[in-house]
Structures are given as structure tokens and as C-alpha cells.
Amino acid sequence: MTHLHLTAIVLTIIFFLLTFFMQKAGKNTKVMHMILRVMYIILIVSGGILFFSVFNITFLYILKALFGILMIAFFEMILVRSGDGRTTTIHWILIAVTCIFVTYIGLILPMGFYIG
Ligand code: HEM
């Protein structure tokens, strides 16, 4: 399941960037955005399965899930705001910080790859 989760993260980031740059170039991104949203679902479901397979759900797990979902919220905010021609600088900074934080928690938690 960690492999599905990691694959979903990579695909989400790829489709997010594709949608973002296609939108910037003025192309139709309906299909790309739809695929991206399917990736979100796979990401949340795989994360959810990992979450509920834990015997002892600690605070760090809850933080991991919340910030994981926050990442998805930021992806959507950036796409919608840049689609409207509004600034997204602050969102890019927030997404970078959240991404580092979420990846760090994911890796220090005991399943899958573990860098304790
Ligand atoms: C873009 C968003 C996300 C990123 C970048 C991310 C990143 C990661 C990483 C790097 C790992 C470690 C995998 C490994 O050790 O092999 C992980 C594990 C995990 N993720 Fe996510 N994740 C995201 C979204 C989510 C969401 C939405 C949820 C919950 C609904 C979630 C729940 C979990 C859980 C429970 C684990 C297992 C932790 C463990 O014990 O090792 N993640 N995530």
C-alpha cells in the first residue's frame, strides 16, 4: 500500500504541474484536471487505508493525514486562483513547506520506508 501511496503522490504532482502549465499556456485543461482529481482520490484512499491499518493511531498519524489533505486543498487553490488570473505566490510557498513537512512525517512514521 505504501507503493500505491507513493505512486499516487508522484502522479498527482505530475498531473498537477501539467494542468498548471497547460492552463498558463491557455490550453483546455478539463480532461487533465479530471485525471488529477482521480489521482487525489487514489491518494486519499491509499493514505486512508494506511491510516486505518495502524493499530495505535498516534497524534503524528492524525497530523500526517490532515496535512496530506491540506496539500490537496493547496493544489486546487493554486489551479483555481491561477485560472482566474490571481496571484498564487503565497500558495506555492505554503505548498512547498507543507510538502516537506508531510514527506518528513511520512518517512519518520514506521511503515514503508523508515528513516527514524
Ligand atoms: C500530497 C499529499 C501527500 C504526500 C506528499 C504524502 C507523503 C507520504 C510519504 C512520503 C509517506 C511515507 C511512505 C513510506 O514510508 O514508504 C506517506 C505515508 C503515509 N501517508 Fe501520506 N502523503 C500525502 C497524502 C496523504 C493523505 C491524504 C493521507 C491520509 C488520508 C496520508 C496518510 C499516510 C499514512 C497513514 C502513511 C503511513 C505512515 C507510516 O506509518 O509510514 N497521506 N505519505
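All of these numbers come straight from a predicted model, not from anything done at the bench.

K.L.:
Please give an account of the side chain of Glu-76 that cites residues and values.
P.N.:
Inspection of the secondary structure assignment puts Glu-76 in helix H3 (residues 59-83). What makes Glu-76 buried here is its relative accessible area of 17%. Not counting residues within four places of it along the chain, the set of residues in contact with Glu-76 comprises His-33, Leu-36, Arg-37 and Tyr-40.

K.L.:
Give a detailed account of the coordination of the iron atom of the ligand, specifying residues and quantitative values.
P.N.:
Looking at the iron atom of the ligand, one finds its protein donor set to be His-5 (NE2) and Lys-64 (NZ), positioned 1.9 to 2.0 Å from the metal centre. The site at the iron atom of the ligand holds six donor atoms, and with the angles between them running 83 to 177°, its shape is octahedral. Of this pair, His-5 sits in helix H1 (residues 2-24) while Lys-64 sits in helix H3; the two residues are 59 residues apart in sequence, bridging distant segments of the chain. Taken as a pair, His-5 and Lys-64 share a single burial class, namely buried.

K.L.:
Explain the nonpolar core to me, using residue names and the numbers behind them.
P.N.:
In this structure, Phe-16, Leu-36, Phe-75 and Ile-95 are the most contacted members of the largest nonpolar core, which totals 17 residues. Among the secondary structure elements, those contributing two or more residues to this core are H1, helix H2 (30-52), H3 and helix H4 (89-108). The greatest single-element share of this core, amounting to six residues, is contributed by H3. With near-sequence residues (within four places) excluded, Ile-95 lies in contact with Met-71, Phe-74, Phe-75 and Ile-78. Membership of the second largest hydrophobic core comes to six residues, among which are Val-54, Tyr-61, Leu-63 and Ile-105.

K.L.:
Could you give me a rundown of the packing of aromatic side chains, with the residues and numbers involved?
P.N.:
Taken as a whole, this structure holds eight aromatic pairs when the rule is applied. Here Phe-16 and Trp-92 contribute two aromatic rings whose centre-to-centre distance is 5.6 Å and whose plane-to-plane angle is 50°, an arrangement assigned as tilted. Pair noted here: Phe-16 is in helix H1 and Trp-92 is in helix H4, with a separation of 76 residues, a long-range link. Here Trp-92 falls in the partly exposed class, since its relative accessible area comes to 28%. Between Phe-67 and Phe-101 the ring centres are 4.9 Å apart and the planes differ by 75°, which places this aromatic pair in the edge-to-face class. Of the two residues, Phe-67 sits in helix H3 while Phe-101 sits in helix H4, which places them 34 residues apart along the sequence. Residue class for Phe-67 comes out partly exposed when judged on its relative accessible area of 27%. Here Phe-101 falls in the partly exposed class, since its relative accessible area comes to 32%. Following the ring pairs from residue to residue traces out a cluster consisting of Phe-16, Phe-20, Phe-21, Tyr-40, Phe-75 and Trp-92.

K.L.:
Now, about the site of the ligand: what can you tell me, with residues and values included?
P.N.:
Lining the immediate surroundings of the ligand are 24 residues, of which His-5, Tyr-61, Lys-64, Met-111 and Phe-113 lie closest. At 2.6 Å from a nitrogen atom of the ligand is found a side-chain nitrogen or oxygen belonging to Lys-64. For the shell around the ligand, the secondary structure elements donating two or more residues are H1, H2, H3 and H4.

About the thresholds
- Residues numbered from 1 in each chain as written.
- Predicted model: local features only at pLDDT ≥ 70, side-chain atom pairs only at ≥ 80, totals over all residues.
- Heavy atoms only, no water.
- Helix = DSSP H or I, 4+ residues; strand = E, 2+ residues; numbered from the N terminus.
- Buried < 20%, exposed > 50% of the residue type's maximum accessible area, 1.4 Å probe, protein only.
- Contact = heavy atoms within 4.5 Å.
- Donors = N, O, S within 2.8 Å, 3.2 Å for Na, K, Ca; no water.
- Tetrahedral: all angles 85-135°; square planar, octahedral: opposite > 155°, others 65-115°.
- Core = buried A, V, L, I, M, F, W, Y, C linked by side-chain atoms within 4.5 Å.
- Phe/Tyr/Trp six-rings, centres within 6.5 Å; stacked < 30°, edge-to-face > 60°.
- Near = heavy atom within 4 Å.
- Polar contact = N/O pair within 3.5 Å; in protein donor to acceptor, adjacent residues only side chain to side chain.

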